[in-house]
Amino acid sequence: MTPMPATAAVRVRRAELSDLDDLVALEEQSFTSDRLSRAQFRRHLDSESAQVLVASANHRRFLGTAVVFFRKGSQRARLYSIATHAEARGKGVGSALLEAAEHEARRRRCHALRLEVRTDNHSAIRLYERLGYHCVGEHKGFYEDGSDAWRYEKILR
Ligand SMILES: CC(C)(COP(=O)(O)OP(=O)(O)OC[C@H]1O[C@@H](n2cnc3c(N)ncnc32)[C@H](O)[C@@H]1OP(=O)(O)O)[C@@H](O)C(=O)NCCC(=O)NCCS
């Protein structure tokens, strides 16, 4: 794959059907458990209560993804998943995806964005804290493999 220049402008768009192969491949590379299946991604693409975002830059059509869930009657959105292709990390893709997720949550009149993160996932925790997320609790055994999670939240203004 062509390397991404550090200065490339990251764009974030809504995922389409044609992204399904990339979404599933990135999910498999990024996570060992709690993965979204192709059928789940497919459903989320059309769902009112989910938003699947895709990051691209210049000629690279698919660099990463974020999945946000919304619930009727709740002003708290949930970032279910975020992942950047391994060779595109450290270039602002994750930050752009998270900011786009926040934008979408604000657009839907949500007051907060919540997420869970493995307690040993230091790069993700750094990203969340840098963008203003605060730890609001712990969830023991949250993941399918029994790992613990921190819960983080950002109040959206
Ligand atoms: C967590 C994850 C999404 C971060 O994505 P990313 O694209 O690397 O995120 P960013 O590039 O925005 O930020 C990462 C670092 O790069 C730095 N950075 C951002 N833009 C930069 C640029 N243009 N030049 C140099 N460094 C840059 C950031 O300051 C940040 O530094 P930090 O680690 O000290 O905070 C990514 O590591 C990943 O996909 N991990 C595997 C999946 C995962 O664990 N997901 C989270 C749990 S659901």
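Residues numbered from 1 in each chain as written. Predicted model: local features only at pLDDT ≥ 70, side-chain atom pairs only at ≥ 80, totals over all residues.

**Points about the overall build of the protein chain**
- Scanning the protein chain from terminus to terminus reveals four helices and seven strands.
- Helices and strands in the protein chain line up, N terminus first, as β-α-α-β-β-β-α-β-α-β-β.
- Computed over C-alpha atoms, the radius of gyration of the protein chain comes to 15 Å, within 12% of the 15 Å expected from 2.2 N^0.38 for 157 residues, which places it in the range of a compact globule.
- Evaluated residue by residue, the protein chain yields a buried proportion of 30% over its 157 residues.
- Considering only contacts in the protein chain between residues 6 or more positions apart, those separated by 24 or more positions represent 57%. (Helix = DSSP H or I, 4+ residues; strand = E, 2+ residues; numbered from the N terminus. Rg over C-alpha atoms; globule rule 2.2 N^0.38 Å. Buried ≥ 20, exposed ≤ 12 C-beta atoms within 10 Å, placed from the backbone. Contact = placed C-beta atoms within 7 Å.)

**Some words on the environment of K140**
- By the element assignment, K140 lies in the loop between β6 (134–139) and β7 (149–155).
- Between the C-alpha atom of K140 and that of W150, which follows or precedes it by 10 residues, the distance is 8.5 Å.

**What about the site of the ligand?**
- The environment of the ligand is made up of 20 residues, and the closest members are T84, R89, G92, G94 and S95.
- Those elements that provide at least two residues to the shell around the ligand are β4 (76–84), α3 (93–107) and α4 (122–130).
- Tallying contributions element by element places α4 first for the shell around the ligand, with five residues.
- Partitioning the shell around the ligand into residue classes produces seven nonpolar, nine polar and four charged. (Near = placed C-beta within 6 Å. Nonpolar A, V, L, I, M, F, W, Y, C, P; charged D, E, K, R; others polar.)

**Some remarks on the UniProt feature "domain: N-acetyltransferase" (unreviewed entry) in the protein chain**
- This chain's UniProt record puts "domain: N-acetyltransferase" (unreviewed entry) on residues 10–157.
- The span residues 10–157 is 30% helical and 35% strand by assignment, and the distance between its end C-alpha atoms comes to 23 Å. (UniProt positions renumbered as here; feature names shortened; annotations may be inferred.)

**Describing the pairing of strand β2 (residues 50–57)**
- For β2, the buried fraction is high: six of the eight residues fall into the buried class.
- Note: strand β1 (residues 10–14) against β2, five bridges, orientation antiparallel. If you follow V12 over to β2, its bridge partner there is A55.
- Judged from the seven bridges that link them, β2 and strand β3 (residues 60–69) form a sheet pairing that is antiparallel. (Pairing = 2+ DSSP bridges.)

**Description of the packing of helix α1 (residues 20–30) against helix α2 (residues 38–46)**
- At a minimum axis separation of 10 Å, α1 and α2 run at an interaxial angle of 130°. Put simply, α1 runs oblique to α2. In the crossing of α1 with α2, the sense of the turn from one axis to the other is right-handed. In contact with L20, L23 and V24 of α1, α2 contributes R38, F41 and R42.
- A per-class count over the contact of α1 with α2 returns four nonpolar, no polar and two charged. (Axes fitted to C-alpha atoms, helices over the stretch in contact; angles between N-to-C directions. Parallel < 35°, antiparallel > 145°, perpendicular 65-115°, else oblique. Left-handed = near helix turned anticlockwise from the far one by under 90°.)

**A short note on the sheet that holds strand β5 (residues 112–118)**
- Sheet architecture is open: seven strands sit in the order β1-β2-β3-β4-β5-β7-β6, paired in mixed fashion. Lying at the two open borders of the sheet, with one neighbouring strand each, are β1 and β6. With strand direction ignored, the average angle separating the axes of adjacent strands in the sheet is 30°.

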